[in-house]
Amino acid sequence: MKSITIKGSQRESVGKVATKTLRNAGKVPCVLYGGEKPLHFSAEELEFRDLVYTPNAHTAVIELENGQKLDAVLQDIQFHPVTDKILHVDFYQLFKDKPVTMDIPVRLEGNSPGVRNGGRLLFRKRKLSIKALPELLPDFITVDISKLRIGGTIAVETVLSDDYTILHPDSTAIVQVKASRTSIADEAEDEEEGAEGAEGAEAAEGGEATTEAEATE
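Residues numbered from 1 in each chain as written. Predicted model: local features only at pLDDT ≥ 70, side-chain atom pairs only at ≥ 80, totals over all residues. Heavy atoms only, no water.

Undergrad: Could you clarify how one ought to interpret the pattern of salt bridges in this entry?
TA: For side chains of opposite charge, pairing can occur when their charged atoms come near one another. Within this structure, the stated rule accounts for two salt bridges. Residue E45 is joined to K85 by a salt bridge in which the shortest nitrogen-to-oxygen separation is 3.0 Å. Of the two residues, E45 is situated in the loop between β3 (39-44) and α2 (49-52) and K85 in the loop between β5 (69-79) and β6 (86-93); the sequence distance between them amounts to 40 residues. (Salt bridge = Lys/Arg side-chain N within 4 Å of Asp/Glu carboxyl O. Helix = DSSP H or I, 4+ residues; strand = E, 2+ residues; numbered from the N terminus.)

So this is what it looks like as structure tokens:
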């Protein structure tokens, strides 16, 4: 998984006045949890552009002024209710030997025959919560919908992996195709296939009957 570097400055004062001063200067107060004790630091708001404003999942490298670099994952973020400016960010420190929980985006691959025949695609889970060691965190989880027909569902059980644990029940629907007013084509296609099969069976039965009659003669 790609890591985004966040350059920050360690904070000595964490009171309300100090926090307000930071925000007025265009900086975001942050806290890194998971170590021996919480680490308070601040960073320019622009530093979070590639980490926050993206549909992709990334880890972060907190690079402090003293040269210290800490691997982390974004845990929580607070936005201003009116301006949408970032007010506060919480990170959780990563360790190579400790699993971490993270939301990973789902990407759909292929073209669903059910959708081509008028069905309605319902993308139920655009992200899946997983637990894995940092080095095994995937950038995304791929779901192949090339065989998904009307009435079909792809559930979590189809994307299980030995590299990580998905924190949803196996039966949780990720994507479905539901019938719609224009989905007659798919049903008709099934009926045609069924009719062809029935005609073939009848022809076979007729052939057998003739053979038996001929044998009797």
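Undergrad: Explain the packing of aromatic side chains to me, please; I cannot follow it from the model alone.
TA: The relative placement of two aromatic rings is captured by the distance of their centres and the angle of their planes. Scanning the entire structure with this criterion turns up two aromatic pairs. Counting every residue linked through ring pairs, the aromatic cluster contains F41, F48 and F91. K98 extends its terminal NZ or CZ atom over the ring of F95, reaching a point 5.0 Å from the ring centre. Just above the ring of F140 sits the side chain of R107; from NZ or CZ to the centre is 3.9 Å. (Phe/Tyr/Trp six-rings, centres within 6.5 Å; stacked < 30°, edge-to-face > 60°. Lys NZ or Arg CZ within 6 Å of the ring centre and 35° of its normal.)

Undergrad: Which parts of the structure should I look at to understand the sheet that holds strand β9 (residues 127-132)?
TA: Sheets are built from strands that pair by backbone hydrogen bonding, the pairs being arranged parallel or antiparallel. The strand order across the open sheet formed by four strands is β10-β7-β9-β12, and the pairing between neighbours is mixed. With partners counted over all chains shown, the strands left at the sheet margins are β10 (141-144) and β12 (165-166), one partner each. Taken together, the four bridges between strand β7 (residues 100-109) and β10 define a ladder with parallel strand orientation. Its bridge partner lying in β10, E109 is registered against D144. (Pairing = 2+ DSSP bridges.)

Undergrad: Can you help me understand the confidence of the model for the chain in this one?
TA: Low-confidence regions, as indicated by low pLDDT, have predicted coordinates that should not be scrutinised in detail. Averaged over every residue, the pLDDT of the chain is 86; the share at 70 or more is 83%. Confidence over residues 191-217 falls short of pLDDT 50; this stretch has zero contacts with residues more than four positions distant or in other chains. (pLDDT = per-residue confidence, 0-100. Contact = heavy atoms within 4.5 Å.)

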